[in-house]
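Below, each chain spelled out in residue letters.
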Amino acid sequence: MEKGPFSVEWLAQSSGGGAREMPGSPRWAPPETPPSVPAESPRDRVAAERRIPGQDAVPAGSAPGRSRTKFSAAQLQELERSFREQRYIGAGEKRRLAAVLNLSQSQIKTWFQNRRMKFKRQTQDAR
């Protein structure tokens, strides 16, 4: 019985498990993958247009994009109160807080994630 180009033996050989290739079969090579982000994406161009002349270097550790949100004392007080009641926020409470505090639901979610990490560090340091 003749072995087809996709027999178990052929597959084992082509994946490096065999000693030699089948005659007449091309050697398999992984496909070349394009870079995940083009050298100059639209986001890069927009960021370049927003740069202030003389400030070419981005400070170490900072990512381009949205700046850090500075919460007001009233917002922090309400967020902390809600966190004391429940460390994990539900969808309804997230919507309510976002509306009351004039923040996005994403900002509320991120604040709670960060606050849980802070709480975890504080409880681990206390031990």
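Here is what the cut-offs are and how they apply
Residues numbered from 1 in each chain as written. Predicted model: local features only at pLDDT ≥ 70, side-chain atom pairs only at ≥ 80, totals over all residues. Heavy atoms only, no water. Buried < 20%, exposed > 50% of the residue type's maximum accessible area, 1.4 Å probe, protein only. Helix = DSSP H or I, 4+ residues; strand = E, 2+ residues; numbered from the N terminus. Arc of directions from axis to C-beta. Contact = heavy atoms within 4.5 Å. Core = buried A, V, L, I, M, F, W, Y, C linked by side-chain atoms within 4.5 Å. Axes fitted to C-alpha atoms, helices over the stretch in contact; angles between N-to-C directions. Parallel < 35°, antiparallel > 145°, perpendicular 65-115°, else oblique. Left-handed = near helix turned anticlockwise from the far one by under 90°. Nonpolar A, V, L, I, M, F, W, Y, C, P; charged D, E, K, R; others polar.

### Examining helix H4 (residues 91-101)
Moving on, step 1. Among the residues of H4, those classed as buried are Lys94, Leu97, Ala98 and Leu101. Buried residues along H4 cover an arc of 100° about the axis, so they all sit on one side. Exposed and facing more than 90 degrees away from the buried side of H4 are Ala99 and Val100.
Moving on, step 2. Looking at the packing, one finds that the buried side of H4 touches helix H3 (73-85) and helix H5 (105-126).
Moving on, step 3. At the C-terminal side of H4, Asn102 shows a positive phi close to 60°.

### Observations regarding the environment of Leu101
Moving on, step 1. If you trace the backbone, Leu101 turns up in helix H4.
Moving on, step 2. Residue class for Leu101 comes out buried when judged on its relative accessible area of 8%.
Moving on, step 3. Distance in space between the C-alpha atoms of Leu101 and Leu79 is 8.9 Å, their sequence separation being 22 residues.
Moving on, step 4. In this structure Leu101 touches Gln75, Glu78, Leu79 and Ile108, once residues within four positions along its chain are discounted.

### Some points on the nonpolar core
Moving on, step 1. Listed in full, the eleven residues of the largest apolar core are Phe71, Leu79, Phe83, Ile89, Leu97, Ala98, Leu101, Leu103, Ile108, Trp111 and Phe112.
Moving on, step 2. Broken down by secondary-structure element, the contributors of at least two residues to this core are H3, H4 and H5.
Moving on, step 3. Ignoring sequence-local partners within four residues, the contact set of Phe112 consists of Leu79, Ser82, Phe83, Gln86, Arg87, Ile89 and Leu97.

### A word on the packing of H3 against H4
Moving on, step 1. Close contact between H3 and H4 brings their axes to 11 Å; oriented N to C, the two are set at 165°. By the criterion of interaxial angle, the relationship of H3 to H4 is roughly antiparallel. Crossing hand, H3 versus H4: right-handed. Contacts between H3 and H4 involve Gln75, Glu78, Leu79, Arg81 and Ser82 on the former and, on the latter, Glu93, Arg96, Leu97 and Leu101.
Moving on, step 2. In terms of residue class, the contact of H3 with H4 is built from three nonpolar, two polar and four charged.

### Describing the side chain of Lys94
Moving on, step 1. When you line up the elements, Lys94 lands in helix H4.
Moving on, step 2. Those residues within four positions of Lys94 in sequence are excluded, and the remaining contacts are Ile89, Gln105, Ile108 and Lys109.

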